[in-house]
Amino acid sequence: MRYFNLYSSILITKGANRILVSDLQRNNSELQSLELCEIIDEFKTNSIEEVFAFYDDESKEIAQEYLDFLLEKEYGFVTAGDWDRNFAPLSLEYVDYSEISNLFMERNELAIPKNLIQSIDNLQISHLVIFCKGKASLEDFLKLEKDFENSTIESLEVFAPYQTEIDEAFIQHLSQNASRIYNLVFYNCEKEPFKVENTFKFELLFTQQNLKINSCGKVDLKYFDTNIKKVLEAINHNSCLNKKIGIDAEGNIKNCPAMLQSFGNINETSLEDVLLQQNFTNYWNLTKDDINVCKHCEFRNVCTDCRAFTEQTHINKEGLDVSKPLKCGYDPYTNQWDEWSTNPLKQKAIQNYSL
Amino acid sequence: MILILSSNLEPTTNEVLMWLNKMNKSYIRVHEDEFFEIKIINKKFFLESYRNSFFLEDISSVWYRRGGGLKFKRETYKNPAVNLNMNEAYHWLEDYVIKKLESKKHINKQRNSKLNKLLVLEEAQKVGLLVPKYFLAENTDDVIINKMITKSYTENIILEAVNENYDGILYTAVVAEHEKKPFFPTFFQDKIEKEYEIRSFYLDGKIWSTAIISQNDKQTKTDYRKYNVQTPNRNVPYNLPPEIEICLTKLFQVLDVNCGSADFIKGKDGKFYFLEINPLGQFLGLSSICNYSLDKEIAQFL
């Protein structure tokens, strides 16, 4: 007798009509049929010969094709006599040393107050995203880099409005002096000031779009990422808000700057104190399994989620919004991706958010 | 206070330090280019370098990671007789410090951080592990072509700038032809037809194993470190059979090493063959693929 052994790094997420097969070692995912999922389940408790015996001749051929596919993709291997029982399951526990991994700030200006820099250091935050509404000069950018020179911040991402001062020399100078900025987006830019080639230390984008804080929260295939750490986080926590702090333009400390609920203002309280408030972390443990519709979606373990803009249809017992993200056009029951913004059922929520 | 001896930018050390921060454990990180002066303050041993200082008795545990261990400053004296005598005095003070540190809770020791691969193979057989047949020779007279491999018995397998601008790495290779001339004593070993390889991380009696399946891939067939970037080898969590784990634990105890990585081959014959132990190897890559959090385990132990 021969036996099929599925590698434990292959994670199968069952949706309403399809499955997503995620290879957590090779960092890719692919859509497959529920039928493949069923046959994998049968291989878990039966030998290959036994599984084939369940089927008539025609179906047997299909079963063989599925087995060939699993082997070709190296999703598993075949042993004789018994399963290789020394292969152990993958622990799905999410383990991370950071208190806060990500700070997302909406700012009127690029400069960061001193007390905030101190808090960022105390909390050993590693990633900082700044959505800047006001103009930022070269000096502002250099000051930002300097402020975090000896900090735990590893990466800085900045969105700022385009202004005519920004030309190739500006960017060149910044690139030579930047060590933490890894992504730079200038929005509201009619025309690229120069042709961007990959010669800078950071990714650079000029966009015509007039970005706003409420431009965030789009759910789309292109944002999905199969990465063992992100997937384990999504299985155990909220993939967008876990270990995240948001600060809006007025200085209100939130789970995300685009959300309504505030836990205090940076002029009156510190990030450290806000973290001690019990309900600040309520959303951190809300997984996709708790969210309406998403719980039946095959993409739920690779999805970016959004709690700031939702369809506003469901609130759970703890008062948390468990509605589907507003800016997701996918329907796991029909497997269709449609434009979310024109969906008639979403118009009320779109109006509520004044999008 | 935890004492950590490591090389300056060693990434594994950085990760463990982040865990120690999270656990609120205090530590001193000593760099490879740091030299200590031994002083006595209030009758107590005090060590001081340009960036660190501590009382010997305040150290609760020691992690010997990399970088050659604790190094000391010595004065030289003009009079050769005095110099000789002072050197001996230095030696005994340094010896005292190193031995006191080794008597505390520790991960590996300064004095046996490097293992003699040949002795390890002998000890492995004594504790009951199966080792593919091997011998040293200066010619290929007894080597069976295509049935035996040769590999380095040195600790360092990287040849820095061997060819002007390139570093070389000494991989394991199958012996494909006889050599006419004699050569430097070389290690030859039976080639085992393998099902897969196993890398086992050992820490103070606990073992975390990873199966490395490379057989489908010619590039990695004899040495999995020859990475295939496009389709990496399958690395998955694995449990060695309990009887092998008991032997491996015994081997680490006999060698007086309490942390390291051991390599095995699971042969097509179903047997587990022990290859070698590396006490200082990198392990966080496999740790994250298998979600073992070995950096956290180390921080917890210290």
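For the structure, see preceding data.
Reading guide: rules and limits
Residues numbered from 1 in each chain as written. Chains lettered and ligands numbered in written order. Predicted model: local features only at pLDDT ≥ 70, side-chain atom pairs only at ≥ 80, totals over all residues. Heavy atoms only, no water. Pairing = 2+ DSSP bridges. Helix = DSSP H or I, 4+ residues; strand = E, 2+ residues; numbered from the N terminus. Contact = heavy atoms within 4.5 Å. Axes fitted to C-alpha atoms, helices over the stretch in contact; angles between N-to-C directions. Parallel < 35°, antiparallel > 145°, perpendicular 65-115°, else oblique. Left-handed = near helix turned anticlockwise from the far one by under 90°. Nonpolar A, V, L, I, M, F, W, Y, C, P; charged D, E, K, R; others polar. Core = buried A, V, L, I, M, F, W, Y, C linked by side-chain atoms within 4.5 Å. Buried < 20%, exposed > 50% of the residue type's maximum accessible area, 1.4 Å probe, protein only. Buried area = accessible area lost by both parts, 1.4 Å probe. Salt bridge = Lys/Arg side-chain N within 4 Å of Asp/Glu carboxyl O. Polar contact = N/O pair within 3.5 Å; in protein donor to acceptor, adjacent residues only side chain to side chain. Arc of directions from axis to C-beta. Lys, Arg positive; Asp, Glu negative; His and termini not counted. 1 Å grid on protein atoms, 1.4 Å probe; cavity = no way out; pocket = protein on both sides within 12 Å on 5 of 7 lines; lining within 4 Å. Points joined across faces, edges and corners; volume = space filled by probe spheres on them.

(A) How the structure looks around the sheet that holds strand β4 (residues 44-48) of chain B. Residues and elements named next belong to chain B. The mixed open sheet is built from four strands, whose spatial order is β5-β4-β3-β7. Every interior strand has two partners, whereas the edge strands, β5 (53-55) and β7 (71-72), have only one. Relative to the sheet, helix α2 (residues 80-103) contacts β3 (35-41), β4 and β7, its axis offset from that of β4 by approximately 95°.

(B) Expanded view of the packing of helix α3 (residues 117-126) of chain B against helix α4 (residues 242-255) of chain B. Residue and element names in this part refer to chain B. Following both chains from N to C, one finds α3 and α4 inclined at 130°, their axes separated by 9 Å at the closest point. Our classification of the angle between α3 and α4 gives oblique. The interaxial crossing formed by α3 with α4 has right-handed handedness. Contacts between α3 and α4 pair Val120, Glu123 and Ala124 from the former with Leu251, Val254 and Leu255 from the latter. Of the residues in the contact of α3 with α4, the class split is five nonpolar, no polar and one charged.

(C) Inspection of the packing of helix α5 (residues 138-147) of chain A against helix α6 (residues 168-177) of chain A at higher detail. Residues and elements named next belong to chain A. For the pair α5 and α6, interaxial distance at closest approach is 10 Å and the crossing angle is 10°. As summarised for this structure, α5 and α6 are arranged roughly parallel, according to the angle between their axes. Contacts between α5 and α6 involve Leu138, Phe141, Leu142 and Glu145 on the former and, on the latter, Phe170, His173, Leu174 and Asn177. Of the residues belonging to the contact of α5 with α6, the class tally is five nonpolar, two polar and one charged.

(D) Geometry of the nonpolar core. By size, the foremost hydrophobic cluster in this structure holds 73 residues, and its most contacted members are Phe141 and Phe186 of chain A. By size, the runner-up hydrophobic cluster in this structure holds 50 residues, among which are Tyr7, Cys37 and Ile48 of chain A together with Tyr196 of chain B.

(E) Looking closely at the interface of chain A and chain B. Tallying the contact residues gives 25 residues for chain A and 28 residues for chain B. Looking only at chain A, the three residues that lose the most surface to chain B are Gln25, Asn86 and Tyr97 of chain A, adding up to 34% of its buried area. Here chain A and chain B share two salt bridges between them. When the shortest N-O distance is used, the salt bridge between aspartate 84 of chain A and lysine 266 of chain B registers 3.8 Å. Our count for the chain A to chain B interface comes out at 11 residue pairs in polar contact (both at pLDDT 80 or more). In terms of residue class, the side of chain A that touches chain B is made up of 12 nonpolar, six polar and seven charged.

(F) Region of interest: α5 of chain A. Residues and elements named next belong to chain A. Looking only at α5, the buried set comprises Leu138, Phe141, Leu144 and Glu145. Seen from one end, α5 has its buried residues packed into an arc of 125°, which puts them on one side. Facing away from the buried surface of α5 by more than 90 degrees, the exposed residues are Glu139 and Lys146. Where α5 is buried, its residues contact β7 (127-132), β8 (155-161), α6 and β9 (181-187).

(G) Quick look at the side chain of glutamate 145 of chain A. All names here are of chain A. Structurally, glutamate 145 can be placed in helix α5. It is arginine 180 that comes nearest to the buried, bridge-free glutamate 145 among opposite-charge side chains, at 4.7 Å. In contact with glutamate 145, not counting residues within four places along its chain, are Leu156, Asn177, Ala178, Ser179, Arg180 and Ile181.

(H) Focus on the pattern of salt bridges. All names here are of chain A. Counted under the stated rule, the structure contains 35 salt bridges over all chains. Aspartate 96 serves as the salt-bridge partner of lysine 243, at 3.5 Å between the closest nitrogen and oxygen. Of this pair, lysine 243 sits in the loop between α7 (228-236) and β11 (244-247) while aspartate 96 sits in the loop between β5 (76-80) and β6 (102-107), placing them 147 residues apart in sequence. According to the relative accessible area criterion, lysine 243 is buried, its value standing at 13%. The closest approach of N and O atoms between glutamate 149 and lysine 146, which form a salt bridge, is 3.1 Å. Of the residues examined, glutamate 149 reaches a relative accessible area of 43% and is grouped as partly exposed. Residue classification places lysine 146 among the exposed positions, given a relative accessible area of 55%. Taken together, the salt bridges that share partners define one network made up of Asp96, Lys229 and Lys243.

(I) Local environment of unusual backbone geometry. Here asparagine 335 of chain A, not a glycine, exhibits a phi torsion of approximately 60°, which is positive. Here asparagine 335 of chain A shows up in the loop between β13 (330-331) and β14 (336-337). One non-glycine residue with positive phi stands out, namely serine 293 of chain B, at about 50°. Residue placement: serine 293 of chain B occurs in the loop between α5 (284-289) and α6 (294-301). Judged by its relative accessible area of 15%, serine 293 of chain B is buried.

(J) Here's a closer look at empty space enclosed by the protein. For the structure on display, the rule yields five cavities of 30 Å³ or more. Estimated volume of the largest cavity: approximately 110 Å³. Taken together, 14 residues form the lining of the largest cavity, with Lys288, Cys294, Cys297, Cys303 and Cys328 of chain A sitting closest to its centre. When the residues that make up the lining of the largest cavity are grouped by side-chain class, the tally is 11 nonpolar, no polar and three charged. Reported here for the second largest cavity is a volume of approximately 80 Å³. Considering the residues around the second largest cavity, the lining is formed by Leu5, Val62, Tyr64, Ile98, Leu101, Glu102, His106, Asn108, Lys109 and Gln110 of chain B. Counting only elements with at least two residues in the lining of the second largest cavity, the list comes to β6 (61-64) and α2 of chain B.

(K) Spatial organisation of the environment of leucine 24 of chain A. Residue and element names in this part refer to chain A. Tracing the backbone shows leucine 24 in the loop between β3 (18-23) and β4 (28-33). On the basis of relative accessible area, leucine 24 is assigned to the buried category, the value being 4%. Separated by 13 residues in sequence, leucine 24 and leucine 11 place their C-alpha atoms 7.0 Å apart. Ignoring any residue separated from it by four or fewer positions in sequence, one finds leucine 24 in contact with Ser9, Leu11, Leu90, Thr226, Ile228 and Val231.

(L) Just the sheet that holds strand β2 (residues 27-30) of chain B, in detail. Residues and elements named next belong to chain B. Spatial ordering of the open sheet is given by β2-β1-β6-β8, a layout of four strands whose pairing is parallel. Unpaired on one side and paired on the other, β2 and β8 (105-107) mark the two borders of the sheet. Strand-to-strand twist across the sheet, computed as the mean angle between neighbouring axes with direction ignored, equals 15°. Bridge analysis of strand β1 (residues 2-5) against β6 gives four bridges, and the strand direction is parallel. Bridge assignment links leucine 3 to a residue of β6, and that residue is valine 62. Taken strand by strand, helix α1 (residues 11-22) contacts β1, β2 and β6, and its axis lies near 165° from that of β2.

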